[in-house]
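Chains, contacts and geometry: an overview
Below, each chain spelled out in residue letters.
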Amino acid sequence: MPDPVIPYGHQSIDDDDIEAVARVLRSDYLTTGPAVAASEEDLQRATGARHAVVVNSGTAALHTAYAAAGIGPGDEVITSPLTFAATANAALFLGARPVFADIDSATGAIDSAAVEAAITPQTRAMVAVDYAGLPADYDTLREIATRRGIRLIADAAHSLGATYNGRRVGGLADITILSFHPVKAITTGEGGAVLTDDDAAADFARAFRTHGIVRAPALLRRQEGPWHQEMQALGHNYRLTDIQAALGSSQLRKLDRFVARRREIAAAYDKALSGVPGIILPGRREGSESAWHLYVVRVLDGSRRREFFEALQAHGLGVQVHYEPVYRHPYYEDLGYAGGLCPRAEGFSAAAVSIPIYPALTDAQVVRVSEAVTLAGREVLS
Ligand SMILES: *Cc1c(COP(=O)(O)O)cnc(C)c1O
């Protein structure tokens, strides 16, 4: 029997997570109960954000965050093409146009100069993506956002637990979104959150996740009686269940341990793979600590990427590519986005391979992955 395939990412669920979920299943509230409120307080404590609004996916969090930032028809939203499609899709949901700015090839993060060059009178927001878990260059982006009067949003789906110049992810942008998909830092099965220090954005997000309906007396436009609630905006059902929220709180207690283990694995790869011919190891940035959602190696000769990828698969690794540039998807091509738009992102993407990294990887598996990458590199790239 060959060893089972080691996936690029995997959740870590312990008995205490299962117990936390079971307690909710035996309680009075399956949704919109005390576990949701508790998970939001836990997220505020963990990130330092003034408000956390949990929703039922990272994509819902993006949609909610963009709507809270006032993005609407005719607006432009500048973002990175090196991301999951949802980052750009959420602008389309609101009738806005995604504008792709090229990346910094060293880190995979959006390039500040490219962002500045892409700003037009229609630009409402810029969305940084903390690629692979490394925070984008927020000080520079913040300066541009302030000077040009646009909103700064962080897609931190990869970076919960990371720091930028000693500051935690969650307080680096006007609004930050998280994803709790199983491959992310912590999981609720499906889930996400909107983090912000802005009271009005938080109120908007709380209403948007539940049809735009408001109940808090201070927010009502009319006072009709104790039964009264108002729909003040067109919202959605983006509510996270208490079942999921309890799992999230239980997972969040282990975040520091999870991130520490990811950092340990990244350091082990850095050491073991430094001599492999024909590959570039992930970049770092002075002052930032990545949460290591992904460990992305790049082949120097992009024309060998497919062979290298298939060799890694043959050695039992569940490798992936993060990501093909968003605008290369046929849907975006049909909207008129053409190849060549962001050459650095295209080059990065064409060379990238994500190898396994997640907290439950054993030391023996880290060695197995390192050996497979070394072997594939020697076979294909030297
Ligand atoms: C996972 C992810 C999302 C979407 O999150 P879901 O919870 O899967 O909806 C958005 N942006 C990035 C960068 C992601 O990795």
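Residues numbered from 1 in each chain as written. Predicted model: local features only at pLDDT ≥ 70, side-chain atom pairs only at ≥ 80, totals over all residues. Heavy atoms only, no water.

Some thoughts on the domain arrangement of the protein
Split by domain assignment, the protein resolves into domain 1 (7-252) and domain 2 (255-381). Its C-alpha centre places domain 1 at a distance of 25 Å from the equivalent point of domain 2. Across the contact, 48 residues belong to domain 1 and 47 residues belong to domain 2. Taken over both partners, the interface formed by domain 1 and domain 2 buries close to 3,800 Å², and the fraction arising from carbon and sulfur atoms is 58%. Contact with domain 2 buries area across many residues of domain 1, yet Tyr-8, Phe-100 and Asp-102 alone supply 18% of it, more than any other trio. At the boundary of domain 1 with domain 2, the tally comes to one salt bridge. Between Asp-111 and Arg-344 there is a salt bridge; the shortest N-O distance is 3.6 Å. At the boundary of domain 1 with domain 2, the tally comes to 23 residue pairs in polar contact (both at pLDDT 80 or more). (Domains from an automatic or database assignment. Contact = heavy atoms within 4.5 Å. Buried area = accessible area lost by both parts, 1.4 Å probe. Salt bridge = Lys/Arg side-chain N within 4 Å of Asp/Glu carboxyl O. Polar contact = N/O pair within 3.5 Å; in protein donor to acceptor, adjacent residues only side chain to side chain.)

Here's the deal with the nonpolar core
Of all hydrophobic cores here, the largest spans 47 residues; its most connected members are Leu-43, Ile-78, Met-126, Tyr-138, Leu-141 and Leu-178. Per-element tally for this core: the top contributor is helix α6 (residues 138-148), with four residues. Structurally, this core is a two-domain feature, drawing no fewer than three residues from each of domain 1 (7-252) and domain 2 (255-381). Dropping the residues within four chain positions of it, Leu-178 is found in contact with Leu-43, Gly-58, Ala-61, Ala-156, Ala-157, Leu-160, Gly-191, Gly-192, Ala-193 and Leu-195. Counting 31 residues, the second largest nonpolar core, distinct from the first, contains Tyr-269, Val-299, Phe-308 and Tyr-358. (Core = buried A, V, L, I, M, F, W, Y, C linked by side-chain atoms within 4.5 Å. Buried < 20%, exposed > 50% of the residue type's maximum accessible area, 1.4 Å probe, protein only. Helix = DSSP H or I, 4+ residues; strand = E, 2+ residues; numbered from the N terminus.)

Notes on the layout of surface pockets
Think of a ball as big as a water molecule: rolled over the atoms, this probe shows where empty space is left. Each pocket or cavity is described by its volume, and for the largest pocket that value is around 470 Å³. As for the largest pocket, its lining consists of 27 residues, of which Phe-84, Ser-179, His-181, Lys-184 and Tyr-323 are closest to the centre. For the lining of the largest pocket, the elements supplying multiple residues, two or more each, are α3 (58-68), α4 (86-93) and β9 (175-179). Of all the elements, α3 adds the most residues to the lining of the largest pocket, at three residues. Within the lining of the largest pocket, the residues separate by chemical class into eleven nonpolar, twelve polar and four charged. Looking at which domains feed residues into the lining of the largest pocket, each of domain 1 (7-252) and domain 2 (255-381) supplies at least three. In terms of lining residues, the second largest pocket is bounded by 15 residues, among which Arg-206, Arg-209, Thr-210, Ile-213 and Arg-215 are the most central. Those elements giving two or more residues to the lining of the second largest pocket turn out to be α7 (199-208) and β11 (213-214). The residue makeup of the lining of the second largest pocket, split by class, is eight nonpolar, two polar and five charged. (1 Å grid on protein atoms, 1.4 Å probe; cavity = no way out; pocket = protein on both sides within 12 Å on 5 of 7 lines; lining within 4 Å. Points joined across faces, edges and corners; volume = space filled by probe spheres on them. Nonpolar A, V, L, I, M, F, W, Y, C, P; charged D, E, K, R; others polar.)

Some thoughts on the environment of Val-296
Counting through the fold element by element, Val-296 comes out in strand β15 (residues 295-299). Separated by 247 residues in sequence, Val-296 and Ala-49 place their C-alpha atoms 29 Å apart. Not counting chain neighbours up to four residues away, the residues in contact with Val-296 comprise Tyr-131, Ile-280, Leu-281, Pro-282, Phe-348, Ala-352, Val-353 and Ser-354.

Details of the packing of α3 against α7
Packing of α3 against α7 brings their axes to within 9 Å, and their N-to-C directions diverge by 130°. What the angle tells us is that α3 and α7 run oblique. In the packing of α3 onto α7, the handedness of the crossing is right-handed. Along the contact surface, α3 presents His-63, Thr-64, Ala-67 and Ala-68, while α7 presents Ala-201, Phe-204, Ala-205 and Phe-208. (Axes fitted to C-alpha atoms, helices over the stretch in contact; angles between N-to-C directions. Parallel < 35°, antiparallel > 145°, perpendicular 65-115°, else oblique. Left-handed = near helix turned anticlockwise from the far one by under 90°.)

Thoughts on the sheet that holds β15
In space, the three strands of this open sheet follow the order β13-β15-β17, with antiparallel pairing throughout. The strands lining the two open edges of the sheet, one partner per strand, are β13 (279-280) and β17 (352-355). With respect to the sheet, helix α9 (residues 255-273) is in contact with β13, β15 and β17, its orientation differing from that of β15 by roughly 25°. In the packing of helix α10 (residues 305-314) onto the sheet, the strands contacted are β13, β15 and β17, and the crossing angle to β17 comes to about 15°. (Pairing = 2+ DSSP bridges.)

Side note on the site of the ligand
If you check the shell around the ligand, you find 14 residues, and the closest are Gly-58, Thr-59, Asp-155, Ser-179 and Lys-184. Here the ligand loses 92% of its free accessible area of 380 Å² to cover by the protein chains. Here the ligand occupies the largest pocket. Broken down by element, the shell around the ligand gets its largest block of residues, three residues, from α3. Residues that form the shell around the ligand fall into these classes: four nonpolar, eight polar and two charged. (Near = heavy atom within 4 Å. Areas by Shrake-Rupley, 256 points an atom, 1.4 Å probe, with all protein chains shown as cover. Sits in = over half its atoms within 2 Å of the grid points.)

Structural notes on the packing of aromatic side chains
Counted under the stated rule, the structure contains eleven aromatic pairs. Seen from their ring centres, Tyr-269 and Tyr-295 are 5.0 Å apart, and the 65° between their planes marks the pair as edge-to-face. With Tyr-269 in helix α9 and Tyr-295 in strand β15, this pair connects stretches of sequence that are 26 residues apart. Under the relative-accessibility criterion, Tyr-269 is labelled buried at 0%. An aromatic cluster is built from Phe-100, Tyr-327, Tyr-331, Tyr-332 and Tyr-337, whose rings are joined through pairwise contacts. (Phe/Tyr/Trp six-rings, centres within 6.5 Å; stacked < 30°, edge-to-face > 60°.)

Some words on empty space enclosed by the protein
The tally for this structure, following the rule as stated, stands at three cavities of 30 Å³ or more. Of the volumes computed, that of the largest cavity is approximately 120 Å³. In this structure, the largest cavity is lined by 14 residues; those nearest its centre are Thr-107, Tyr-131, Ala-132, Pro-282 and Gly-283. Taken together, the residues that form the lining of the largest cavity break down as nine nonpolar, four polar and one charged. Domain assignment of the residues forming the lining of the largest cavity places at least three in each of domain 1 (7-252) and domain 2 (255-381). Taken as a whole, the second largest cavity encloses approximately 60 Å³ of empty space. Ser-39, Leu-43, Val-54, Phe-180, Ile-186, Thr-188, Leu-240, Gln-244, Ala-245, Gly-248, Ser-249 and Leu-252 are the residues that line the second largest cavity.

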